[in-house]
Amino acid sequence: MDDAGNNPLEDENHEQEEQAASSDSEMDLSQVAHVRKMLKAAKKGRKAIASALTREERQEIKRERTERLTAIARPLDIQDRDFFLGYALIDIVNPHDGGKGPNLLPSPYQRPYSNKQLKNLRASAGPDGSGLRTTDHEHAIVIAAPSNLIDETQLSQSPYGPHRRVHWLPGALEDTMVLLAGFHRQKTSEDVTQEHQKEILKIGAQVDRAKSKGNATKAAELEKMLEKLQNAMEPQVVWLAMIYDREGILENRRRSGPALLKLITNNRVAPQPETEDHELARVFRLAYDGGAQTTSDILRYITTLNTTRSDAYRRLAHRGGDFLSFVISTRRSSHFDNFFTDGVKIVAVQTELWGLISPILKFMWNQLLYICCNLPLPPNEGPTTEEATIQLVSLIQRSHEATYISQPLLDTLVSLADTSFNEHFSGEFLRIGIKDDDYYQSYCDYAEDILSSLREAIRESQLKDPGKWTPQDADVALSAPSKARLILLKHDTLHAPGAPILDNPTPLFSPMCAAAIIDDWTTCSNSVFMVSSWFMPGLTHIHSILTTGTSDKSAFSSIPGVIRHFLEYYLGFETHAEWSSLTPAVIMTHIFDNGDEDEDVEHGKDIVESVFSVLIRLLWRYREAILRPSQRLLPNIRQGKILARRTDDEAQLIQHVSTTATPFLKLWLKTLARNASTREKNVSPRLD
């Protein structure tokens, strides 16, 4: 400190702060100038791009911008919006919406009651039903009603209200409406209001007697009491409903791909006679009984039938692929007689999903067959060692080759598995194969239920249908509980070739379980297409071309199959000296050694299988967290037109490619340039 009392260190710090502030000011000015320069350049670039656009392209951009700015954001993603009428309040307990509307009928495709779900709902409702969230849009029921008998001006398009009771038009009492979703909620409302309902019936009878005797005063008093009871019961029986046009939604649900309500119960509900579903169910049963389990055998078989749907069946035989063969193979159990009898859905699953889900579903099916066949148990009574695990997997994979598979045991096990699945996985459909604690707890309860019930179910079947059980069936049934225990309790140690170990175990294969898995993935098919297209740019166009060519021209029959195709093609690229001169088939047989003494050398095929299994596992893991949310943001992907048969004229295919490929590439380059705000000459088409 100097004589004047000043601290030289403080002065020096103050001077440094002033210099820093000055520097920051100069830096800020330079940054602002830089930003202005970039904005000016960007504006100039946009003008240059705009000048290069045609008049039609500018009008299209303007139209898209106008639509984007004027579109009303929907608070919810409403399925089947084309048939959605609106939200309203409906009485789902008292007949005819409390005596004002059509009679409410259950959907023929509704799930069986789940005691577990009913128990959970009753616990949430409380003894007086006050816990029921009857006006919450997240718990809205779904009803298909005749649109010509509803005053649609009284319906709300907002899930948040305000909501009114449905205003039914004359003639509604003579018609019907269908409860598509909400029958567990309906049953819970009925249970918590039983006392009210009994009292209402009792007082209603007293009102009728009082009127018949001419006692108007007593009748009026009783009617007031009746009104009080109905008002007290109303909060527990009047639910917010999503109302759809009955004819449109029922037809759409019948034909749509993600129709879980139909899929999970179609082993219980037979198709209507004289329909394609009914005829396909018969054809598949006859084809299986006749040993026709491949598509070529099926094609030869159905061409011998006198049917008006021969073109549709030929399309199915050409396009059904491996999934069609798998569907027919499930007819080994009578519980699968009506499983996937829609030709359009079979083709859709094969084309859009089968390459992704087939390793898991096939392994699940083989596990079921192993439990019911005469192949032995592995040594040591379980996969306690790696060698025993390998032996068990080998036995499971060979189950379809077993010398004997017990038909009555298979039917008993499938029925038990389907019932247990409905009971324990009522709220976990979307979490199959995903790491989730609630799902795992449900799986443990499910496994315990099956293992504790299997012996009794076998005994009951033997007593009920003794004629179906032979001594050989009884011998196979002796080891079935032990095999089921190995698979259900030690599932996480099993790993079949091409079937990755998922983050949570899968249940036993049954119609309801398989339909839930397939439906979960069907509702994410656009996201699967998006991921697959990363491995093969231009997949939409390529698939459109391939579906009109000859069968042997197609490099893949399922869209996710392009992932494996990509891995096989590029294995060894820039790491294998002879990659450019060898075909992928030859590369698959080569041995790859990374030079690490601690790691084993691997064949190319094993490397591809390992990488492909990891990719499948990741897609299953992130289905709900990433793929499903992405699906809501993606537009519908236009698929190639699927013809009844492929043309054998290769010249026609070449001509088609030559006339469509060039316009497609031009459109592709323009779109990329527009999105990147650059010129077409600066865009690489990414083609080899």
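Residues numbered from 1 in each chain as written. Predicted model: local features only at pLDDT ≥ 70, side-chain atom pairs only at ≥ 80, totals over all residues. Heavy atoms only, no water.

### Some thoughts on the overall build of the protein
Moving on, step 1. Within the protein one finds 27 helices and seven strands.
Moving on, step 2. Taken over 688 residues, the protein has a buried fraction of 42%.
Moving on, step 3. A sequence separation of at least 24 residues applies to 78% of the contacts in the protein between residues at least 6 apart.
Moving on, step 4. Entry remark: accessible area of the protein is about 37500 Å², with carbon and sulfur atoms responsible for 52%. (Helix = DSSP H or I, 4+ residues; strand = E, 2+ residues; numbered from the N terminus. Buried < 20%, exposed > 50% of the residue type's maximum accessible area, 1.4 Å probe, protein only. Contact = heavy atoms within 4.5 Å. Areas by Shrake-Rupley, 256 points an atom, 1.4 Å probe, with all protein chains shown as cover.)

### Things to note about the environment of Phe336
Moving on, step 1. Inspection of the secondary structure assignment puts Phe336 in the loop between helix 13 (321–329) and helix 14 (343–352).
Moving on, step 2. With 175 residues separating them in the primary sequence, Phe336 and Pro511 have C-alpha atoms 6.4 Å apart.
Moving on, step 3. The contacts of Phe336, once residues within four sequence positions are left out, are Thr330, Arg331, Trp365, Val414, Phe509, Ser510 and Pro511.

### With respect to the packing of aromatic side chains
Moving on, step 1. Taken as a whole, this structure holds 20 aromatic pairs when the rule is applied.
Moving on, step 2. With centroids separated by 4.8 Å and ring planes inclined at 55°, the aromatic side chains of Phe323 and Trp354 adopt a geometry described as tilted. Note that Phe323 is positioned in helix 13 and Trp354 in helix 15 (residues 354–371), a separation of 31 residues in sequence.
Moving on, step 3. Phe323 sits in the buried class, given a relative accessible area of 0%.
Moving on, step 4. For Trp354, a relative accessible area of 3% puts it in the buried group. (Phe/Tyr/Trp six-rings, centres within 6.5 Å; stacked < 30°, edge-to-face > 60°.)

### As for the nonpolar core
Moving on, step 1. Counting residues in hydrophobic clusters, the biggest one holds 99 residues, and the most contacted among them are Ile357, Leu508, Trp521 and Trp620.
Moving on, step 2. In terms of residue count, helix 15 provides more of this core than any other element does, 12 residues in total.
Moving on, step 3. Beyond its immediate stretch of four places on either side in the chain, Trp521 contacts Leu353, Leu356, Ile357, Val528, Leu619, Trp620, Arg623 and Leu627.
Moving on, step 4. Of all hydrophobic cores here, the second largest spans 45 residues; its members include Ile141, Phe183, Val207 and Leu222. (Core = buried A, V, L, I, M, F, W, Y, C linked by side-chain atoms within 4.5 Å.)

### Examining the sheet that holds strand 4 (residues 176–181)
Within a beta sheet, neighbouring strands are joined by backbone hydrogen bonds and run either parallel or antiparallel to one another.
Moving on, step 1. The sheet built from five strands is open, its strands ordered 1-5-3-4-2 with mixed pairing. Each edge of the sheet is formed by a strand with only one pairing partner; in this case those strands are strand 1 (84–91) and strand 2 (103–106). The average angle at which neighbouring strand axes cross in this sheet is 35°, direction not considered.
Moving on, step 2. The strands touched by helix 5 (residues 183–192) within the sheet are strand 2, strand 3 (141–145), strand 4 and strand 5 (238–245), with strand 4 carrying the most contacts at an inclination of about 105°.
Moving on, step 3. Docked against the sheet, helix 7 (residues 216–237) engages strand 1 and strand 5, running at close to 55° with respect to strand 5. (Pairing = 2+ DSSP bridges. Axes fitted to C-alpha atoms, helices over the stretch in contact; angles between N-to-C directions.)

### Some remarks on a nonpolar patch on the surface
Moving on, step 1. The grouping of Val614, Leu618, Tyr622 and Ile626 at the surface amounts to a nonpolar patch, some 330 Å² of accessible area in total.
Moving on, step 2. Relative to the assigned elements, Tyr622 resides in the loop between helix 25 (604–621) and helix 26 (623–633). (Patch = residues over 30% accessible without salt bridge, like charges linked within 9 Å, V, L, I, M, F, W, Y side chains within 5 Å. Salt bridge = Lys/Arg side-chain N within 4 Å of Asp/Glu carboxyl O.)

### Topic: the side chain of Asn504
Moving on, step 1. With respect to the helices, strands and loops of the structure, Asn504 is situated in the loop between helix 19 (471–489) and helix 20 (511–522).
Moving on, step 2. Residue classification places Asn504 among the buried positions, given a relative accessible area of 7%.
Moving on, step 3. Within the structure, Asn504 has its side chain in polar contact with the backbone oxygen of Ile434 (distance 2.9 Å).
Moving on, step 4. From its side chain, Asn504 meets the backbone oxygen of Asp436 in a polar contact 3.2 Å long. (Polar contact = N/O pair within 3.5 Å; in protein donor to acceptor, adjacent residues only side chain to side chain.)

### Quick word on unusual backbone geometry
Moving on, step 1. One non-glycine residue, His96, lies in positive phi territory at about 60°.
Moving on, step 2. For Phe340, which is not glycine, the phi torsion reads 55° and is therefore positive.
Moving on, step 3. Topologically, Phe340 is positioned in the loop between helix 13 and helix 14.
Moving on, step 4. On the basis of relative accessible area, Phe340 is assigned to the buried category, the value being 2%.

### Observations regarding the pairing of strand 4
Moving on, step 1. Sheet analysis places strand 2 next to strand 4, joined by four bridges and oriented parallel. In the strand pairing of strand 4, Leu105 is matched with Val178.
Moving on, step 2. Where strand 3 and strand 4 come together, three bridges link them in antiparallel fashion. Considered in strand 4, the bridge of Ala144 is made with Val178.

### Considerations on the confidence of the model for the protein
Moving on, step 1. Mean pLDDT over the protein works out to 76, with 69% of the residues at or above the 70 mark.
Moving on, step 2. Overall, residues 549–553 carries pLDDT values under 50, and its contacts beyond four positions in sequence, including any with other chains, amount to 11 contacts.
Moving on, step 3. This model gives residues 640–650 a pLDDT under 50, and the stretch forms 29 contacts once residues within four places in sequence are excluded. (pLDDT = per-residue confidence, 0-100.)

### Some thoughts on the packing of helix 15 against helix 19
Moving on, step 1. One way to put it is that helix 15 packs onto helix 19 with a least axis distance of 8 Å and a crossing angle of 150°. Classified by the angle their axes make, helix 15 and helix 19 are roughly antiparallel. Touching Gln367, Tyr370 and Ile371 of helix 15 are Ala480, Lys483, Ala484 and Ile487, all from helix 19.
Moving on, step 2. Considered class by class, the residues forming the contact of helix 15 with helix 19 number five nonpolar, one polar and one charged. (Parallel < 35°, antiparallel > 145°, perpendicular 65-115°, else oblique. Nonpolar A, V, L, I, M, F, W, Y, C, P; charged D, E, K, R; others polar.)

### What to know about the state of the cysteines
Moving on, step 1. Per the counting criterion, the structure on display carries zero disulfides.
Moving on, step 2. Free cysteine: Cys372, not disulfide-bonded; nearest cysteine sulfur from Cys373 at 8.0 Å.
Moving on, step 3. Under the relative-accessibility criterion, Cys373 is labelled buried at 1%. (Disulfide = S-S within 2.5 Å.)

### Let's talk about the pattern of salt bridges
Moving on, step 1. For the structure on display, the rule yields 17 salt bridges.
Moving on, step 2. Between Arg246 and Asp175 there is a salt bridge; the shortest N-O distance is 2.7 Å. Of this pair, Arg246 sits in helix 8 (residues 246–255) while Asp175 sits in the loop between strand 3 and strand 4, placing them 71 residues apart in sequence.
Moving on, step 3. Exposure remark for Arg246: the relative accessible area of 13% places this residue in the buried category.
Moving on, step 4. Asp175 sits in the partly exposed class, given a relative accessible area of 22%.
Moving on, step 5. Put simply, Glu456 and Arg459 hold a salt bridge, and the shortest N to O gap is 2.6 Å. Here Glu456 and its partner Arg459 are both found in helix 18 (residues 437–464), three residues apart, which amounts to about one turn of the helix.
Moving on, step 6. For Glu456, a relative accessible area of 34% puts it in the partly exposed group.
Moving on, step 7. Since its relative accessible area comes to 42%, Arg459 is described here as partly exposed.

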